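# Remarks on the overall topology
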Amino acid sequence: MQLALSTWHEVEDYLRASHGIIIPIGSTEQHGPNGLIGTDHLDAEFVAKGVGDAIGCLVAPTLTIGMSQHHLGFAGSVTLRPSTLIALVCDVVTSLIKHGFERFLFINGHGGNVATVTAAFDEIYAASSMRGPGESSPVRCKMIFWSQGPRATALAKELYGDSNGSHATAAEVSLSQHYHPEAIKYAQMSPKVAPKSTGFFDCADYRRRFPDGRIGSDPSVSTPEHGAQLYQASVADMVEVYQAFVAD
Ligand code: NI
């Protein structure tokens, strides 16, 4: 069930039975020679909608732009500064709290969001912790990568081993190819497996270390068929994560 395709009456009915919602979050940033700029938010959205279709939980509109300052050296990348993303997440969650939502599962596609979104969750908890004595809030926020569950983790390892990498990964490119087969791109990769990361600072430093944008990955082996397998695995993983989270 998608928030964007629901009426307010339908949302009111939903809230009589459930207080949980999934918020897909990703980024708009370079993903190497054959990865789409939207890879991170497309993948998170695809899996989140799959969970919504499987168990009928509500899925919010995707937060498509994340904290990607280190990718600004590549054309097309767009970032929110950390303070903007914190404000965005707080405003989205606070709006939904007003209607009665209490469990917010962020299905994430982008590592660069983790520190900032975690800080946003602490802002939300701080607001209730700093209210008067004895007041407590049922609000709980959790973030998890679509690729983080046991099935998807094992499948990515089986398909790609160590060359899955950590940015523009073979798995994330495959999943986006399954979601948008009309946008599949082909490119030569040199070297075949990109250099691994020992850290980076600003966007110029990132581009110097990772000239074609990839980190540790070989997405030339990505296929939409792999993407279909990863989709099944990730949706099954995230259904379990969501059900445990709302039951807690
Ligand atoms: Ni990515």
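## Notes on the nonpolar core
Residues Ile22, Val51, Val89, Phe101, Phe104, Leu105 and Phe106 are the most contacted members of the largest nonpolar core, which totals 56 residues. Considering each element in turn, this core owes the most residues, nine residues, to helix α8 (residues 224-247). Beyond its immediate stretch of four places on either side in the chain, Leu105 contacts Ile21, Ile22, Ile23, Lys142, Ile144, Val241, Tyr242 and Phe245.

## Some points on the coordination of the nickel ion
Bound to the nickel ion on the protein side are His31 (NE2), Asp40 (OD), Asp40 (OD) and Glu172 (OE), at distances that span 1.8 to 2.8 Å. What the four donor atoms of the nickel ion show is an angle range of 52 to 135° at the metal, which sorts the shape as irregular. Expressed as a motif, the donor residue spacing for the nickel ion is H-x8-D-x131-E. Separated by 132 residues along the polypeptide, Asp40 in helix α2 (residues 39-55) and Glu172 in helix α6 (residues 170-179) bring together distant segments of the chain. There is no split in this pair, since Asp40 and Glu172 are both buried.

## A closer look at the packing of aromatic side chains
Applying the stated rule across the entire model yields eight aromatic pairs. Ring geometry for Phe46 versus Tyr231: centroids 4.3 Å apart, planes at 25°, classification stacked. Residue Phe46 is found in helix α2, and its partner Tyr231 is found in helix α8; the two are separated by 185 residues along the sequence. Since its relative accessible area comes to 12%, Phe46 is described here as buried. Taking the relative accessible area as the measure of exposure, Tyr231 reaches 17% and is therefore buried. Consider the rings of Phe200 and Tyr206, whose centres lie 5.1 Å apart with planes at 75°: the pair is edge-to-face. Taking the relative accessible area as the measure of exposure, Phe200 reaches 30% and is therefore partly exposed. Owing to a relative accessible area of 0%, Tyr206 belongs among the buried residues under this scheme. Members of the aromatic cluster, joined through ring pairs, are Phe74, Phe200, Tyr206 and Phe210.

## Comments concerning the packing of α2 against α6
To describe two helices that pack against each other, one gives the angle between their axes and the distance between the axes. Where α2 contacts α6, the axes come no closer than 9 Å and their chain directions differ by 65°. Here α2 and α6 pass one another in a crossing that is left-handed. Taken together, the residues of α6 that come into contact with α2 (itself represented by Thr39, Asp40, Leu42, Asp43, Glu45, Phe46, Val47 and Lys49) are Glu172, Leu175, Ser176, His178 and Tyr179. Here the contact of α2 with α6 is composed, by residue class, of five nonpolar, three polar and five charged.

## Details of the state of the cysteines
This structure, assessed with the given rule, holds zero disulfides. Cys57 forms no disulfide, and the closest cysteine sulfur to it belongs to Cys141, at a distance of 16 Å. Looking at Cys90, it has no disulfide partner, and the nearest cysteine sulfur is the one in Cys141, 8.6 Å off.

## Structural notes on the pattern of salt bridges
Counted by the stated rule, this structure contains eleven salt bridges. The closest approach of N and O atoms between Asp13 and Arg16, which form a salt bridge, is 2.5 Å. With Asp13 and Arg16 both in helix α1 (residues 8-17) and three residues apart, this pair spans about one turn of that helix. Asp13 sits in the partly exposed class, given a relative accessible area of 46%. The salt bridge involving Asp205 is made with Arg209; its shortest N-O contact spans 2.9 Å. With a gap of four residues between them, Asp205 and Arg209 both fall in helix α7 (residues 203-209), about one helical turn apart. Given the relative accessible area of 11%, Asp205 is considered buried. Residues joined in a network through salt bridges with shared partners are Glu12, Asp13 and Arg16.

So, how was this worked out
Residues numbered from 1 in each chain as written. Predicted model: local features only at pLDDT ≥ 70, side-chain atom pairs only at ≥ 80, totals over all residues. Heavy atoms only, no water. Core = buried A, V, L, I, M, F, W, Y, C linked by side-chain atoms within 4.5 Å. Buried < 20%, exposed > 50% of the residue type's maximum accessible area, 1.4 Å probe, protein only. Helix = DSSP H or I, 4+ residues; strand = E, 2+ residues; numbered from the N terminus. Contact = heavy atoms within 4.5 Å. Donors = N, O, S within 2.8 Å, 3.2 Å for Na, K, Ca; no water. Tetrahedral: all angles 85-135°; square planar, octahedral: opposite > 155°, others 65-115°. Phe/Tyr/Trp six-rings, centres within 6.5 Å; stacked < 30°, edge-to-face > 60°. Axes fitted to C-alpha atoms, helices over the stretch in contact; angles between N-to-C directions. Left-handed = near helix turned anticlockwise from the far one by under 90°. Nonpolar A, V, L, I, M, F, W, Y, C, P; charged D, E, K, R; others polar. Disulfide = S-S within 2.5 Å. Salt bridge = Lys/Arg side-chain N within 4 Å of Asp/Glu carboxyl O.

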